[in-house]
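Okay, here's what each chain looks like letter by letter:
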Amino acid sequence: MVTAQKKIEISRLTVRFGSKTALKEVSLDVAPNEILAVIGPAQSGKTTLLKVLNRTLETSGDAVMEGTVRIDGEDIMRSRNVYDLRRKVGMVAPLPVGLPMSIYENVAFAPRQAGIEPRRELDAIVERCLRQAALWDEVKDRLDSLGSKLSGGQQQRLTIARALSHQPEILCLDEFSIAIDPVTTHRIEDVLQELRREMTILLVTNLVQQARRIADRTAFLLNGELVEVGPTGRIFSDHPEQQKTYDYVHGIFG
Amino acid sequence: MSGRRKTAVLTEKTMEALIRLCGVSAVVFVFGIFFFVFREGYDLLPRLDYREFFTSIEWYPTSQNRVRYGILALLAGTFSVTVLAMLLAVPFGLGAAIYVSEFCPPKRRETLKVIIELLAAIPSVVWGFIGLTVMNPLIIYLFRVPIGLNVLNGGIILALMSVPIIVSIAEDALKAVPDTYREAALALGATRWQTVYRVLLPAARNGLLAAVLLGVGRAIGETMAVLMATGHAVHIPTSVFDSVRTLTATVAAEMGEAPVHSDHYKVLFVIGILLFTLTFLVNLIADLTVRGIRNK
């Protein structure tokens, strides 16, 4: 593969919290505009993997990291401006976190941090992101009310809008459908299909069927090890490379 | 119904009654205190010259010619010392809480918390003693003023006493903000200070307000330390180097000399009622503010 075709290159990534190993020698590449699903049972290191990408892992004191992670060929541990890196990577947490401010301010937060001040520009960003997250029609008349007063599904779409507000090149979603109903989940999945034209999407999910529905490729993590990564069709076929993968996606264990 | 089930129901009922008793007792004690303070002072209330009481600076409760109960100077004393103490304690207290909770390495955090809690355990008479023997000569030396027992001294001592309360409650409030908020803000490219300023402080504002108001309450109600550190002169201060006397210090100093059930004795209880009302108002305002914020 040519270097330009890799958006993210993870090589021999190991992460330890004290004596506990969260990720063991994981190597994984992600192509631009690809949707990569990461599946695996709880405690398999999925969330840790995402936290490495935007370097929020280092805020949890005892984490030790080995190996390299490159985004666009640049080693992220050496990136000069961690805030720029974090803006490049949009992150959607498993439980929606409406920051304690209005809907508008939630979405305008990151652009403001980045120094965008003109009201008209912010208005445009807020509207674009809320539209992209399929939330605009529901909240356009009450942009000034508190973000935390929205329903669970709306808050989750608000966090997606917020993650889009800094025009990320990579969008990471960590089990976004935990707090929302199947209908909204499908709507967001449609949104992701739209977004992939503009960005690379990493989707951590507990719902194996969700991976099957929308991912180009699927990676299976188990106890911090990458068991298998490949085209979603193969992972969900009757003949993945590893027996464990077959067992997991067919609900035989996990 | 089986025997075991009956026991469970009985235990449940007993526990419920006990817990209710604990809750009710707090109310009973507050009303009890108010009742007894009120009882001692009430028959002076209709006879008191309120205009003089609130607007006169003449506090001569034992005068042979004409007894005068003007508390304006005492109010000014309490007010000036409290305001100065809060001006010092709130920024330091909140700053320390933010540092301990958000910026400090975990090991140092534990050490700092122990020390701050130790600070809260120092009895007020010891603070007063520090005011008398350390701060007094220090203020005289540094500012070349004739006496170091004044608003500045009392304010600093009260600030030192309020800071640990503000720090520990404010720190709890900040710690109670879920980590997901911090992660969300960081993931959006915010710096640590932006995270604190834009996300954590708004999220914790009820707790932070409570911390500040408990500090104010402590400062208004503190007696022994201000009695020793403020110089005990009935006087409206024009600068921080003037000696003052506070309401609480007056009650503490004169209660022992005033003959029981004399007017002097009763007026001290009226001051008690006033102090009670003041702290009640502070709490009420706090409560309404918090509610206002919540409903917004």
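Residues numbered from 1 in each chain as written. Chains lettered and ligands numbered in written order. Predicted model: local features only at pLDDT ≥ 70, side-chain atom pairs only at ≥ 80, totals over all residues.

Visitor: Is there a simple way to explain the overall build of chain B in this structure?
Guide: What chain B contains, in helices and strands, is 12 helices and two strands. Across its three principal axes, chain B shows a C-alpha extent of roughly 75 × 65 × 35 Å. The buried share of chain B, reckoned over its 296 residues, is 36%. (Helix = DSSP H or I, 4+ residues; strand = E, 2+ residues; numbered from the N terminus. Buried ≥ 20, exposed ≤ 12 C-beta atoms within 10 Å, placed from the backbone.)

Visitor: Help me understand unusual backbone geometry, please; the structure alone is not making it clear to me.
Guide: Excluding glycine, residues mostly have negative phi values, and the peptide bonds linking residues are mostly trans. Even without a glycine there, the phi angle at A134 of chain A is positive, about 60°. Within the secondary structure layout, A134 of chain A lies in the loop between α4 (119–132) and α5 (136–139). You can call A134 of chain A partly exposed: it has 18 C-beta atoms within 10 Å. Of note in this structure, R144 of chain B is not a glycine but carries a positive phi near 50°.

Visitor: Can you walk me through the interface of chain A and chain B in this structure?
Guide: Think of interface size as the accessible area that goes away when the parts come together; that is how it is often given. Counting residues at the interface gives 20 residues for chain A, matched by 17 residues for chain B. Where the side of chain A that touches chain B is concerned, the elements lending two or more residues are α2 (82–88) and α3 (103–113) of chain A. Of the residues that constitute the side of chain A that touches chain B, the class distribution is 11 nonpolar, six polar and three charged. (Contact = placed C-beta atoms within 7 Å. Nonpolar A, V, L, I, M, F, W, Y, C, P; charged D, E, K, R; others polar.)

Visitor: Any chance you could explain α3 of chain A here in plain terms?
Guide: It helps to recall that an α-helix has 3.6 residues per turn; residues three or four apart then point in one direction. A large share of α3 of chain A lies buried, amounting to eight of its 11 residues. What α3 of chain A keeps buried is the set I103, N106, V107, A108, F109, A110, P111 and Q113 of chain A. On the buried face of α3 of chain A, the contacting elements are α2, α4, α5 and α6 (152–164) of chain A together with α8 (192–203) of chain B. Once α3 of chain A finishes, G115 of chain A follows within two positions and takes phi at roughly 100°, a positive value.

Visitor: Just to check I follow, could you spell out the sheet that holds strand β3 (residues 35–39) of chain A for this structure?
Guide: The strands making up a sheet associate through hydrogen bonds between their backbones, and the pairing can be parallel or antiparallel. Residue and element names in this part refer to chain A. The sheet built from six strands is open, its strands ordered β6-β7-β8-β3-β9-β10 with mixed pairing. Edge positions in the open sheet fall to β6 (89–92) and β10 (225–231), since each of these has one partner strand only. Looking at each pair of strands side by side, their axes are set apart by 15° on average, direction ignored. In this structure, strand β7 (residues 170–174) lies alongside strand β8 (residues 200–204), joined through five bridges in parallel fashion. When the sheet's bridge partners are listed, L173 is paired in β8 with L203. Together, β6 and β7 form the strand contacts of α6, whose direction differs from that of β6 by roughly 170°. (Pairing = 2+ DSSP bridges. Axes fitted to C-alpha atoms, helices over the stretch in contact; angles between N-to-C directions.)

Visitor: For this particular structure, what's the right way to read helix α6 (residues 151–175) of chain B?
Guide: In this model α6 of chain B runs 35 Å from its N-terminal to its C-terminal C-alpha over 25 residues, within 8% of the 36 Å that 1.5 Å per residue would give. A large share of α6 of chain B lies buried, amounting to 23 of its 25 residues. (Expected span 1.5 Å × (residues − 1).)

Visitor: Where do I start with the pairing of strand β2 (residues 20–30) of chain A in this structure?
Guide: Across a regular strand the side chains alternate sides, sitting on one face of the sheet and then on the other. Residues and elements named next belong to chain A. Where strand β1 (residues 8–17) lies against β2, seven bridges are found, and the strand directions are antiparallel. Its bridge partner lying in β2, R16 is registered against T21. Taking the residues between adjacent antiparallel strands as the criterion, β1 and β2 are bridged by two residues, where G18 takes a positive phi near 60°.

Visitor: Looking at this structure, how should I read the nonpolar core?
Guide: Note on soluble globular proteins: their nonpolar side chains tend to be buried together. Ranked by internal contacts, the top residues of the largest apolar core, which has 138 residues, are V38, C172, L202 and L203 of chain A together with I166 and A170 of chain B. Contact partners of C172 of chain A, with chain neighbours within four places excluded, come to L50, L53, V89, G90, M91, V92 and L202 of chain A. (Core = buried A, V, L, I, M, F, W, Y, C linked by C-beta atoms within 7 Å.)

Visitor: Hey, could you run me through the domain arrangement of chain B in this one?
Guide: Residue and element names in this part refer to chain B. According to the domain assignment, chain B consists of domain 1 (3–47) and domain 2 (55–295). Taking the mean C-alpha position of each, domain 1 and domain 2 sit 29 Å from one another. If you look at the interface, domain 1 gives eight residues, while domain 2 gives eight residues. The residue inventory of the side of domain 1 that touches domain 2, partitioned by class, reads five nonpolar, one polar and two charged. (Domains from an automatic or database assignment.)

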